[in-house]
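Below, each chain spelled out in residue letters.
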Amino acid sequence: MNNHVSVLEIDGKALEHNLNYFKNKLNETTKILAVVKAFGYGSDGVLVADFLKDKVDYFAVAYAHEGIALREANIKTPILVLHPQIATLQDIIDYRLEPNLYNFKIFNAFLELADKVPLMNYPIHIKFNTGLNRLGFWHTDIPKIISELKETNHIKVQSLFSHLAASEDLEEKEFTNQQLNNFAYIAQQFYKHLNYEPMLHILNTSGVVNYAVAQFDMVRVGIGLYGFGNDAEETKQLKNTHNLKSIISQIHLIEPGETVGYNRAFVAKKPSKSATIPVGHADGLSRKLGNGAGYVLVNNQKAKIIGNVCMDMIMVDVTKIDCNEGDEVIIFNHQDMLNNIADTSETIVYETLTSISPRVKKVLKS
Ligand SMILES: *Cc1c(COP(=O)(O)O)cnc(C)c1O
């Protein structure tokens with residue numbers, strides 16, 4: 001049982017609001033896949049999926065064990081495993097997860113398992129590389145894939161998909177349109193030669209925002225569900241889902257010349273008051289937030305982090321804040337705070353969210 005006092009509250013109403021925001025940008029028939037990989041972007045993939053299970057059509061995780069966690073929580077929604085490995089294919093079958101087959105090595109390995117069991121029309125997904133050069137078959141592989149598919153009824157292509165390299169960047173419009181055209185061509189080849197039509201999908205969150213015309217049959221929404229759009233204007237229309245709270249463990253009165261924390265990094269110039277908060281770099285707060293760069297909210301006022309961020313705690317300056325030991329502290333509860341933490345940590349909000357460690361307790365409030 002995790003009874004840590006530092007708690008990440010996942011806001012269910014905000015998740016639902018964000019889901020509806022993206023639904024409203026899409027045709028009524030377009031399916032929604034909610035991306036819950038990496039513990040639901042640093043929250044809790046099981047809690048998020050359990051909350052969304054009747055509101056979306058599909059879930060996606062990166063690795064098989066993330067999907068197994070959902071199945072063990074009795075989530076029955078189809079689950080696409082985006083980056084399966086050969087070593088986990090049997091688990092994928094045992095838990096009725098749907099693998100992305102992205103090269104012949106994994107395609108053949110899966111087919112071999114499917115033939116052995118044998119499976120009947122087991123749903124698989126085929127990914128194409130249209131320019132990201134990360135995972136996926138190349139369009140020249142199409143004839144071989146199609147001929148293999150025609151010889152088996154042990155697997156069935158549930159979807160064909162691809163991923164955009166720069167969907168958030170309108171300066172890359174030409175490149176993105178090329179990716180979309182490549183994908184449409186690939187889909188056409190399959191539709192021409194298979195006697196059924198797999199679903200098609202290529203858009204992530206910023207793809208939905210910038211290229212909704214290419215929504216095909218389904219879209220894969222990740223960061224948007226968690227409250228972040230393509231730009232500040234859009235993010236304002238979304239609601240924050242990740243709220244990290246803690247409490248003040250102890251307050252110290254510091255005399256001028258005294259120091260706070262490791263390496264004596266903070267030196268008091270005047271009589272000061274510090275508060276110690278039980279959240280540190282092991283909970284996901286970058287050391288770059290130390291020494292006045294980052295802040296938290298104590299009784300609605302900004303309290304700068306002083307000295308170095310420790311593994312298990314931070315000290316903040318509460319000289320001018322009326323507060324007591326045991327008072328609530330907000331590490332972040334708004335996209336602006338998270339963007340500020342990401343900027344100060346010299347990273348992007350995706351990394352700030354997914355850095356929230358398993359030690360932090362997670363609860364979903366709906
Ligand atoms: C992570 C991921 C997504 C979700 O991307 P967002 O930008 O968070 O919406 C979609 N598709 C694939 C293949 C991914 O790996």
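The rules behind the values
In every chain, residue numbers begin from 1 and rise along the written sequence. Given that this is a predicted model, residues contribute local features only at a pLDDT of at least 70 and side-chain atom pairs are listed and counted only at 80 or more, while totals for whole chains, interfaces and linings are drawn from all residues. Side-chain metrics in this entry use all non-hydrogen atoms of the structure; hydrogen atoms and water are not considered. Only DSSP runs of H or I covering at least 4 residues are called helices, and only runs of E covering at least 2 are called strands; the numbering of each starts at the N terminus. By the convention used here, residues are in contact when the closest approach between their heavy atoms is within 4.5 Å. Areas reported here follow the Shrake-Rupley algorithm with a probe of radius 1.4 Å; residue values treat only the protein chains shown as occluding. In this count, Lys and Arg are taken as positive residues and Asp and Glu as negative ones, while His and the chain termini are left out. To locate a charge, take NZ of a lysine, CZ of an arginine, CG of an aspartate or CD of a glutamate. Nearness is judged by heavy atoms alone; a residue qualifies as near a molecule or strand once a single heavy atom is within 4 Å of it. As a working rule, the residues Ala, Val, Leu, Ile, Met, Phe, Trp, Tyr, Cys and Pro are called nonpolar, Asp, Glu, Lys and Arg charged, and the rest polar, with Gly in that last group. UniProt positions are given in the numbering used here, feature names are shortened, and annotations may be inferred rather than shown by experiment. Note that the domain bounds were set by an automatic or database domain assignment. Note: buried area is the sum, over both parts, of the accessible area (probe 1.4 Å) each one loses when the two are combined. In the analysis that follows, any N or O atom pair within 3.5 Å is treated as a polar contact, provided that within protein one partner can donate a hydrogen and the other can accept it, and provided that, for residues neighboring in sequence, both atoms belong to side chains. Two strands are counted as paired when DSSP detects at least two bridges linking them. Orientation is described by lines fitted to C-alpha atoms, with helices fitted over the stretch in contact, and by angles between N-to-C directions that extend from 0 to 180 degrees. Residue exposure (1.4 Å probe, protein chains only): buried if accessible area is under 20% of the type maximum, exposed if over 50%, otherwise partly exposed. Here the arc refers to the set of directions running from the helix axis out to each C-beta atom. Here a Phe, Tyr or Trp ring, Trp counted by its six-membered ring, pairs with any other such ring whose centre lies within 6.5 Å, and the pair is stacked when the planes are under 30 degrees apart, edge-to-face when over 60, and tilted otherwise. The salt bridge criterion pairs a side-chain nitrogen of Lys or Arg with a carboxyl oxygen of Asp or Glu, the two atoms within 4 Å.

## Some points on the overall build of the protein chain
Right, so step 1: Along the protein chain, the regular secondary structure elements total twelve helices and 19 strands.
Right, so step 2: Here the C-alpha coordinates of the protein chain stretch approximately 80 × 45 × 35 Å along the principal axes.
Right, so step 3: By sequence separation, contacts in the protein chain at least 24 residues apart represent 66% of the contacts at least 6 residues apart.
Right, so step 4: Working note: accessible area of the protein chain is about 17000 Å², and carbon and sulfur atoms make up 48% of it.
Right, so step 5: Positive and negative charge centroids in the protein chain, built from 36 and 41 side chains respectively, lie 1 Å apart.

## Describing the site of the ligand
Right, so step 1: Every one of the 13 residues lining the ligand counts as a neighbour, but Lys37, Tyr41, Thr205, Ile223 and Tyr350 are closest to it.
Right, so step 2: When the ligand is considered free in solution it has 390 Å² of accessible area, and contact with the protein chains removes 93% of it.
Right, so step 3: For the shell around the ligand, the residue count by class is five nonpolar, four polar and four charged.

## Re the UniProt feature "binding site: substrate" (unreviewed entry) in the protein chain
Right, so step 1: Cross-referencing UniProt, the feature "binding site: substrate" (unreviewed entry) maps to Arg134 and Met311 in the present numbering. Across 178 residues of sequence, these annotated residues are also dispersed in space, with a maximum C-alpha separation of 33.9 Å.
Right, so step 2: In this structure, Arg134 is in contact with Lys127 and His163, ignoring residues within four places of it in sequence.
Right, so step 3: Turning to its location among the elements, Met311 is positioned in the loop between strand E16 (301-306) and strand E17 (314-317).

## What to know about the domain arrangement of the protein chain
By convention, interface size is frequently given as the accessible area that disappears when the constituent parts associate.
Right, so step 1: Here the domain parsing of the protein chain yields domain 1 (12-233) and domain 2 (242-365).
Right, so step 2: Distance between the C-alpha centres of domain 1 and domain 2: 38 Å.
Right, so step 3: On the side of domain 2, 13 residues touch domain 1, which itself brings 16 residues to the contact.
Right, so step 4: A buried area of about 1200 Å², summed over both sides, lies between domain 1 and domain 2, and 71% of it is on carbon and sulfur atoms.
Right, so step 5: Counting across the domain 1 and domain 2 interface gives three residue pairs in polar contact (both at pLDDT 80 or more).
Right, so step 6: Those elements that provide at least two residues to the side of domain 1 that touches domain 2 are helix H1 (12-23), helix H2 (37-42) and helix H3 (45-52).

## A closer look at the sheet that holds strand E14 (residues 272-277)
Right, so step 1: Strand order in the open sheet formed by nine strands is E11-E14-E17-E16-E15-E18-E10-E1-E19, and the pairing between neighbours is mixed. The strands lining the two open edges of the sheet, one partner per strand, are strand E11 (250-254) and strand E19 (361-365). Here the average twist between neighbouring strands, direction ignored, is 35°.
Right, so step 2: Pairing of E14 with E17 involves four bridges; the strand directions are antiparallel. Across the sheet, residue Ala275 finds its bridge partner in E17, namely Val316.

## Examining H3
Right, so step 1: Those residues of H3 that sit buried are Gly45, Val48, Ala49, Phe51 and Leu52. The arc that holds the buried residues of H3, viewed along the axis, is 160°, so those residues lie on one side.
Right, so step 2: In this structure Asp44 caps H3, since a side-chain oxygen of it lies 3.0 Å from the backbone nitrogen of Val46.

## Observations regarding the packing of aromatic side chains
Right, so step 1: Summed over all chains, the structure comprises ten aromatic pairs.
Right, so step 2: Ring centres of Phe104 and Phe137 lie 4.9 Å apart, and the angle between their planes is 70°; this geometry places the pair in the edge-to-face category. In this pair, Phe104 is assigned in helix H6 (residues 104-116) and Phe137 in the loop between strand E6 (122-127) and helix H7 (142-150), connecting sequence segments 33 residues apart.
Right, so step 3: According to the relative accessible area criterion, Phe104 is buried, its value standing at 17%.
Right, so step 4: The exposure class of Phe137 is buried, given its relative accessible area of 1%.
Right, so step 5: By the ring-pair criterion, three or more aromatic residues cluster together here, those being Phe104, Phe107, Phe128, Phe137 and Phe190.

## Section: the sheet that holds E6
Right, so step 1: With respect to topology, eight strands assemble into an open sheet ordered E8-E7-E6-E5-E4-E3-E2-E9, the strand pairing being parallel. On the outer flanks of this sheet lie strand E8 (199-201) and strand E9 (218-221), each paired with one strand and no other. Taking each pair of neighbouring strands and ignoring which way they run, the sheet shows an average axis angle of 30°.
Right, so step 2: Of the pairings in the sheet, the one linking strand E3 (residues 58-61) to strand E4 (residues 79-81) comprises three bridges and is parallel in character. Paired with Phe59 across the bridge in E4 is Ile79.

## Overview of the UniProt feature "active site" (unreviewed entry) in the protein chain
Right, so step 1: The UniProt feature table records "active site" (unreviewed entry) at Lys37 and Tyr262. A maximum C-alpha distance of 35.2 Å shows the annotated residues, which cover 226 residues in sequence, to be distributed over more than one spot.
Right, so step 2: Looking at where Lys37 falls in the secondary structure, it is placed in helix H2.
Right, so step 3: Once residues within four sequence positions are removed from consideration, Lys37 is found in contact with Ala60, Val61, Ala62, Glu66 and Leu82.
Right, so step 4: Looking at where Tyr262 falls in the secondary structure, it is placed in the loop between strand E12 (259-260) and strand E13 (266-267).

## Structural notes on the pattern of salt bridges
Right, so step 1: This structure, assessed with the given rule, holds seven salt bridges.
Right, so step 2: Where Arg359 meets Asp283, a salt bridge forms, and the shortest distance between an N and an O atom there is 2.9 Å. Here Asp283 lies in the loop between E14 and strand E15 (295-298) and Arg359 lies in the loop between helix H12 (349-354) and E19, a separation of 76 residues in the sequence.
Right, so step 3: We classify Arg359 as partly exposed; its relative accessible area is 33%.
Right, so step 4: For Asp283, a relative accessible area of 2% puts it in the buried group.

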